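Residues per chain are reported as follows:
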Amino acid sequence: CATTASAFAPSASFRPASALNAVLKQQTGQSSLDPAVIDKYNALPFPADSILAEYVWVDAVGNTRSKTRTLPAAKGESVDSLPKWNYDGSSTDQAPGDDSEVILKPCRIFKDPFRPRSDGTDNILVMCDTYTPAGEPLETNSRAIAMESFTDKDHEEVWFGMEQEFTLFNLDERTPLGWPEGGMPTRPQGPYYCSVGPENNFGRAITDAMYKACLYAGIEISGVNGEVMPGQQEYQVGPCIGIDAGDQLMMSRYILQRVCEDFQVYCTLHPKPIVDGDWNGAGMHTNVSTKSMREEGGLEVIKKAIYKLADKHDEHIAIYGEGNELRLTGKHETASISDFCYGVANRGASIRIGRDTDAEGKGYFEDRRPSSNCDPYLVTGKIMKTIMGPEAPEVAPMNKAEA
């Protein structure tokens, strides 16, 4: 008899049963599984004394990764109780193959909306940052960089509110939801922003599912809306204080991707996913307010902060997201990437002061430059470092007639 592995291989003429062929497509796993099958396993109870902890981290290009472990339930009560973990950094471009271990350090706990339970115990999502075995933060550990800006600044009570835009595509990764395959909508921008109706709003069920999942998780998500380009959506996170803004925004992105996984829809954070035609890009406008900005005389504090941001414009642009030059063109509610300007109620400016803030003489400002794919740790940390820095020359506001 034959002694090689090939002797056990099916012959070239082998074909599965014809009845099975009629049921299964050649390509499987590309559509949602039968809910009845999933529910059978979801109905199984969790052990009362154990939890599932999903450790989430940021990889070399800013995407989230995760893996799960079983822990005693008591370990999930605080970050300090959670053990460190590790992963193969050579598979995420964060370590060489001959020294590939990367250490995960838990930073923030959220409830897991994908594995709910009704026994009074919560499975958890754990936001982590990344270190070498020697305890040094990885070069890609932007959370550690941001922490340097927030350390010893608790008295500033800096609030961040972030407006995360994203674009939903079919799984071909070429056709946005609501667009004809290989073509463009027959109607220009206008009817899609904050819209209703099947001809205007594409992806509401996905955004609403993400919204509820974030609320369940404990993320301070404050709203959602349809955006200007069809297939584009937005949600807002905040106000959050200090480094927690980055933790919450990054975990919200993880939840968004998990929801899109369930809906089998491709989500991109690219700042200009459609470059042809007259379509808006996608940003992560970042609203900022320190304690002194919210007190009497705060508007002058805001203006001084804006002058500092103007002085460091190029430094901010350098870390405000990949491909941002495609979005910051001076069109489609953006300022030019090359020029800094600010104004009241001016969505064509780099920095916008709201009319309420201008009228009340205190409040917040909005940095409209960060792209949708920016790193929220780098953005919030850089803003904090700049506005806490030395005074800068005064900058004249953009003429309102040009707004």
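Engineer: Before we go on, may I ask you to explain the overall build of the chain in this structure?
Structural biologist: Counting its secondary structure elements, the chain contains nine helices and 13 strands. Out of the 403 residues belonging to the chain, those deemed buried represent 47%. Sequence separation of 24 or more characterises 67% of the internal contacts of the chain that already satisfy a separation of 6 or more. In the structure as shown, the chain presents an accessible area of about 20400 Å², 51% of it carried by carbon and sulfur atoms.

Engineer: Help me out: how do you make sense of the pattern of salt bridges in this one?
Structural biologist: Oppositely charged side chains may form a pair once their charged atoms are brought near each other. If you walk through the whole model with that rule in mind, you get 13 salt bridges. A salt bridge links Arg65 to Asp59; its shortest N-O distance comes to 2.9 Å. Judged by its relative accessible area of 33%, Arg65 is partly exposed. Notably, a salt bridge pairs Arg368 with Glu366, separated by 3.2 Å at the nearest N-O pair. Considered together, Arg368 and Glu366 belong to a single accessibility category, that of buried residues. A cluster of three or more residues bridged by salt bridges with shared partners is formed by Glu54, Asp112 and Arg115.

Engineer: Help me out: how do you make sense of the nonpolar core in this one?
Structural biologist: One broad trend across soluble globular proteins is that nonpolar side chains are buried collectively. Core analysis: the largest hydrophobic core is formed by 68 residues, its most contacted members being Met251, Ile255 and Phe365. Among the elements that take part in this core, helix α5 (residues 244–263) stands out by supplying nine residues, more than any other. Ile255 has contacts with Pro113, Phe114, Leu125, Met210, Ala213, Cys214, Ala217 and Ile219, leaving out every residue within four places of it along the chain. By size, the runner-up hydrophobic cluster in this structure holds 16 residues, among which are Tyr55, Val102, Leu104 and Leu138.

Engineer: Help me understand unusual backbone geometry in this model?
Structural biologist: Peptide bonds are, in most cases, trans, and in most cases residues other than glycine have a negative phi. The amide bond that connects Gly238 to the next residue, Pro239, takes the cis arrangement and shows omega of 5°. On the secondary structure map, Pro239 appears in strand β8 (residues 232–241). Positive phi outside glycine occurs at Asp93, with the angle close to 60°. Relative to the elements of secondary structure, Asp93 occurs in the loop between β3 (85–88) and β4 (101–111). Classification of Asp93 by relative accessible area gives exposed; the value is 66%. In the Ramachandran plot, Glu157 falls in the positive-phi region, its phi being about 45° despite a non-glycine side chain. Owing to a relative accessible area of 34%, Glu157 belongs among the partly exposed residues under this scheme.

Engineer: Help me out: how do you make sense of the pairing of strand β2 (residues 64–72) in this one?
Structural biologist: Summarising the sheet, strand β1 (residues 50–58) and β2 pair through nine bridges and their orientation is antiparallel. Residue Ala53 lies in a different strand from β2, and its bridge partner there is Arg69. Taking the residues between adjacent antiparallel strands as the criterion, β1 and β2 are bridged by five residues, where Gly62 takes a positive phi near 95°.

Engineer: Please explain the packing of aromatic side chains as it appears in this structure.
Structural biologist: The relation between two aromatic rings is expressed through the spacing of the ring centres and the mutual angle of the planes. A full pass over the atoms with the stated rule returns seven aromatic pairs. Taken together, a centroid distance of 6.0 Å and an interplanar angle of 80° make the contact between Phe150 and Phe160 edge-to-face. Of this pair, Phe150 sits in helix α3 (residues 142–150) while Phe160 sits in strand β6 (residues 159–169), and the two are ten residues apart along the sequence. Per residue, the accessibility class of Phe150 equals that of Phe160, and both read buried.

Engineer: Explanation requested: α3 in the structure shown.
Structural biologist: Two residues of an α-helix separated by three or four positions point the same way, owing to the 3.6 residues in each turn. For α3, the complete set of buried residues consists of Ser142, Arg143, Ala144, Ala146, Ser149 and Phe150. Those residues of α3 hidden inside the fold are in contact with β4, β5 (124–131), β6, α5 and α9 (376–387). For α3, the N-terminal cap is Asn141; the gap from its side-chain oxygen to the backbone nitrogen of Arg143 is 3.3 Å. Just beyond α3, the residue with positive phi is Asp152, at close to 65°.

Engineer: Just to check I follow, could you spell out a nonpolar patch on the surface for this structure?
Structural biologist: Taken together, Val37, Tyr41 and Leu44 make up a surface patch of nonpolar side chains, about 310 Å² in accessible area. By secondary structure assignment, the location of Leu44 is in the loop between α2 (35–42) and β1. For Leu44, a relative accessible area of 52% corresponds to the exposed category.

So, how was this worked out
- Residues numbered from 1 in each chain as written.
- Predicted model: local features only at pLDDT ≥ 70, side-chain atom pairs only at ≥ 80, totals over all residues.
- Heavy atoms only, no water.
- Helix = DSSP H or I, 4+ residues; strand = E, 2+ residues; numbered from the N terminus.
- Buried < 20%, exposed > 50% of the residue type's maximum accessible area, 1.4 Å probe, protein only.
- Contact = heavy atoms within 4.5 Å.
- Areas by Shrake-Rupley, 256 points an atom, 1.4 Å probe, with all protein chains shown as cover.
- Salt bridge = Lys/Arg side-chain N within 4 Å of Asp/Glu carboxyl O.
- Core = buried A, V, L, I, M, F, W, Y, C linked by side-chain atoms within 4.5 Å.
- Pairing = 2+ DSSP bridges.
- Phe/Tyr/Trp six-rings, centres within 6.5 Å; stacked < 30°, edge-to-face > 60°.
- Polar contact = N/O pair within 3.5 Å; in protein donor to acceptor, adjacent residues only side chain to side chain.
- Patch = residues over 30% accessible without salt bridge, like charges linked within 9 Å, V, L, I, M, F, W, Y side chains within 5 Å.

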